[in-house]
Amino acid sequence: MFQKTSLTTIIVGVFIVYVLHTCWVMYGIVYTKPCEKPKGDSCITPYLAGKPRLQLSIYTSIRPNAEGGHSLIHKEEEFDVHTRFERLINVSLPKKTRRNGTLYAMVFVHQAGVMPWQDPRQVHLVTQLTTYMLPKPPEVSLIQGQDEHLQQERQSTGGDGEQVRPVSHWRSRLTLNIVAEDFLFDRDALPSDVHRYMRVFNSGKKMFYLPLLFIDELSNRVKDLMEINSSTAELPLTISYDTIALGKLRFWIHMQDAVYSLQQFGFTEKDADEIKGIFVDTNLYFLALTFFVAAFHLLFDFLAFKNDISFWKHKKSMVGMSSKAVLWRCFSTIVIFLYLLDEQTSLLVLIPAGIGSLIEVWKVKKAFKIYVVWKGAVPQFLFGKSDESERRTEEYDSLAMKYLSYLLYPLCVGGAVYALVFVKYKSWYSWLINSLVNGVYAFGFLFMLPQLFVNYKLKSVAHLPWKAFMYKAFNTFIDDVFAFIITMPTSHRLACFRDDAVFIIYLYQRWLYPVDRTRVNEYGVSYDEEPKRKAHKD
């Protein structure tokens, strides 16, 4: 009665609904409905519309409620909310802060000539100027060794096996924003995200809201942090101010809440910094493009994963498939995972890399027909036998790898020796992992060439998982877009472009060696064969 729907169709349908729902939610965040009756009692009028004389004052304190004293570090006596500025000041650090303590900044916008604590119409926000992070291990030259200064530094950071404790770091930027547009809010339809930043007061029958002050926490990046030690008397602080549109303010509030929620779930400051970089390092137009590109990347990733697993699950023979290429992909994926683990990369990148490594290990088991037999608590590995067609494929595969090794091995060994002499590392293990991953990034695409050689010798591409290949090809070109709009290592950016050439050659071989759909394959099935049906009685 009902036509059977494929899983791919369901996934694409869910993806379209997800994108449309996200667009609707984003529109609801960016667009705020203004008050329709400006002279009515339900409208909230901006206090800034009366052009009051304002002052900006910034204090520091070791407690968020200013108990224990506070110090004025900067003030703008003639503060114009429409004029952006940037100030560089030096902040003196209290003894408690220098002894791995914290320091808070209290930002006040109040009437000019009046102390902020005496002004009933002041607005203020409190933020931390310090955060706790694990110190970065010192890097040394493995050939020349390390001097006494670096040895003391390594001992202080727990380099000899001691447990490393988080150290207080200084946030060198303080970014302030105020909504300067004269927007009339509807009291009955006030957005919940703006409500917590809003202070209102009554003047006669009218209701006014004080300036919407906002501290941009997303601009605090890990690269701007400075480690605080007991000898640090003062540190620089860059204070930046600019106006912000109401739509962007609401969007920024939601993004800050999302980052804060991730930190509550156990994400570290470095993990959260990866997400901050997406929003801070790109403007809103690029951000929208990044969202759509990432959404399609996720879709093609999932479809490629589904078809790849399905292909290898039903794979019985390795005829026409390069087993060396499968083994190399497994090795390179594990190396990249260990490299990301050594670099303490974000969990958002580390978890998918770990899952991908397990899948590649499973493919190696299928490709080499490895069976695990348990004899008590000791596993025994058995290898299946290859038929004549598979042995011929292995001969072509070994021949391709022989020619490839003449170029690949000297390049990898030469790069590792050069890095050992001229580059500093945390340890020998770090040097080994970095050398391996540099070889994977720089020359990894060469290991895709044996499969091209096997295709050329067999004059066939029918044995390849083309559905998964095409989804991965789409993702390769999407990665090219990411290489322009997202911050990433140069080696990873070059790796995105080098795969394009290999996929183009694959497509050329697809055109050069077309699949004969009328020929019966190894399973006894013809693509163009009409399915048998029951006889129909007239």
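From a predicted model like this one, the values you see are computed outputs, not experimental measurements. (Residues numbered from 1 in each chain as written. Predicted model: local features only at pLDDT ≥ 70, side-chain atom pairs only at ≥ 80, totals over all residues. Heavy atoms only, no water.)

So, the packing of aromatic side chains
Following the criterion strictly, the structure yields 15 aromatic pairs and no others. Between Phe79 and Tyr241 the ring centres are 5.1 Å apart and the planes differ by 70 degrees, which places this aromatic pair in the edge-to-face class. One end of the pair, Phe79, is in strand β3 (residues 71-79); the other, Tyr241, is in strand β15 (residues 234-243), with 162 residues separating them in the sequence. A relative accessible area of 8% means that Phe79 is categorised as buried. The buried category is assigned to Tyr241, whose relative accessible area is 3%. (Phe/Tyr/Trp six-rings, centres within 6.5 Å; stacked < 30°, edge-to-face > 60°. Helix = DSSP H or I, 4+ residues; strand = E, 2+ residues; numbered from the N terminus. Buried < 20%, exposed > 50% of the residue type's maximum accessible area, 1.4 Å probe, protein only.)

What to know about the environment of Val114
When you line up the elements, Val114 lands in the loop between β5 (104-111) and β6 (123-128). Judged by relative accessible area, which is 27%, Val114 ranks as partly exposed. In this structure the C-alpha to C-alpha distance between Val114 and Leu54, which are 60 residues apart in sequence, comes to 9.5 Å.

Examining the packing of helix α1 (residues 7-30) against helix α5 (residues 246-264)
Relative placement of two packed helices is described by the angle separating their axes and the distance separating the axes. In contact at an axis separation of 7 Å, α1 and α5 are set at 120 degrees when each is read in the N-to-C sense. By the angle between their axes, α1 is oblique relative to α5. Contacts between α1 and α5 involve Met26, Gly28, Ile29 and Val30 on the former and, on the latter, Gly247, Arg250, Phe251 and His254. Considering only residue class, the contact of α1 with α5 consists of four nonpolar, three polar and one charged. (Axes fitted to C-alpha atoms, helices over the stretch in contact; angles between N-to-C directions. Parallel < 35°, antiparallel > 145°, perpendicular 65-115°, else oblique. Contact = heavy atoms within 4.5 Å. Nonpolar A, V, L, I, M, F, W, Y, C, P; charged D, E, K, R; others polar.)

A word on the nonpolar core
Residues Phe79, Trp170, Leu176 and Leu237 are the most contacted members of the largest nonpolar core, which totals 33 residues. Contributions of two or more residues to this core are made by β2 (54-61), β3, β4 (85-92), β5, β9 (173-178), β13 (213-215) and β15. The dominant element in this core, judged by the number of residues it contributes, is β15, at four residues. In contact with Trp170, not counting residues within four places along its chain, are Val91, Leu93, Leu103, Leu129, Thr130, Asp224, Leu225, Met226, Ile228, Leu235, Pro236 and Leu237. Judged by nonpolar contacts, the second largest core, of 24 residues, contains Ile44, Ile244, Trp252 and Leu287. (Core = buried A, V, L, I, M, F, W, Y, C linked by side-chain atoms within 4.5 Å.)

A word on the sheet that holds β6
Taken in spatial order, the four strands line up as β3-β2-β5-β6 in an open sheet, and their pairing is antiparallel. The open sheet has two edge strands with one neighbour each: β3 and β6. Strand-to-strand twist in this sheet, taken as the mean axis angle between neighbours without regard to direction, amounts to 15 degrees. Note: β2 against β5, eight bridges, orientation antiparallel. When the sheet's bridge partners are listed, Tyr59 is paired in β5 with Met106. (Pairing = 2+ DSSP bridges.)

Some details on unusual backbone geometry
The phi dihedral of Lys51 falls on the positive side, at around 50 degrees, and the residue is not glycine. Residue placement: Lys51 occurs in the loop between β1 (43-46) and β2. With a phi angle near 60 degrees, Asn100 is a residue other than glycine that sits in the positive phi range.

Here we look at the state of the cysteines
In total, this model carries one disulfide according to the counting rule given. The disulfide bridge from Cys35 ends at Cys43, spanning 1.8 Å between sulfur atoms. Its S-S torsion of about -70 degrees marks the bond between Cys35 and Cys43 as left-handed, since a negative value means left-handed. There is no split in this pair, since Cys35 and Cys43 are both buried. (Disulfide = S-S within 2.5 Å.)

Concerning the pattern of salt bridges
Applying the stated criterion across every chain, the model contains nine salt bridges. Glu78 is the salt-bridge partner of Arg53, the closest N and O atoms lying 3.1 Å from each other. On the criterion of sequence distance, the pair formed by Arg53 in the loop between β1 and β2 and Glu78 in strand β3 is long-range, its members being 25 residues apart. Each of the two residues, Arg53 as well as Glu78, counts as exposed. Residue Asp193 is joined to Arg250 by a salt bridge in which the shortest nitrogen-to-oxygen separation is 3.2 Å. One end of the pair, Asp193, is in helix α4 (residues 192-195); the other, Arg250, is in helix α5, and 57 residues separate them in sequence. Asp193 gets classed as buried once you look at its relative accessible area, which sits at 5%. Arg250 sits in the buried class, given a relative accessible area of 9%. (Salt bridge = Lys/Arg side-chain N within 4 Å of Asp/Glu carboxyl O.)

Focus on the sheet that holds strand β14 (residues 225-227)
Spatially, the three strands line up as an open sheet ordered β7-β8-β14, and their pairing is antiparallel. Every other strand in the sheet has two partners, leaving β7 (130-133) and β14 as the edge strands with one partner each. When strand polarity is set aside, the average angle formed by the axes of neighbouring strands in this sheet is 40 degrees. Looking at chain direction, β7 and strand β8 (residues 167-171) are connected through four bridges and run antiparallel. Note that in β8 the partner of Thr131 across the bridge is His169.

Some points on the side chain of Thr175
Locating Thr175 in the fold gives a position in strand β9. Side chain to side chain, Thr175 and Ser219 meet in a polar contact 3.0 Å long. Non-local contacts of Thr175, meaning those with residues more than four positions away in its chain, are made with Phe214, Ile215, Asp216, Ser219 and Ser240. (Polar contact = N/O pair within 3.5 Å; in protein donor to acceptor, adjacent residues only side chain to side chain.)

Some thoughts on α1
The first and last C-alpha atoms of α1 sit 35 Å apart over 24 residues, in line with the 34 Å expected at 1.5 Å per residue. Residues Ile11, Phe15, Val19, Thr22 and Ile29 constitute the buried set of α1. (Expected span 1.5 Å × (residues − 1).)

Focus: the environment of Tyr18
Assignment of secondary structure puts Tyr18 in helix α1. Spatially, the C-alpha atom of Tyr18 lies 9.3 Å from that of Ala295, the residues being 277 residues apart in sequence.

Here we look at the pairing of β15
Where β4 meets β15, eight bridges bridge the pair, whose relative direction is antiparallel. When the bridges of β15 are listed, Asn90 appears paired with Pro236. The pairing of β9 with β15 spans six bridges and is classified as parallel. Residue Arg173 lies in a different strand from β15, and its bridge partner there is Thr238.

Everything listed is a geometric property; what it means functionally is a separate question.
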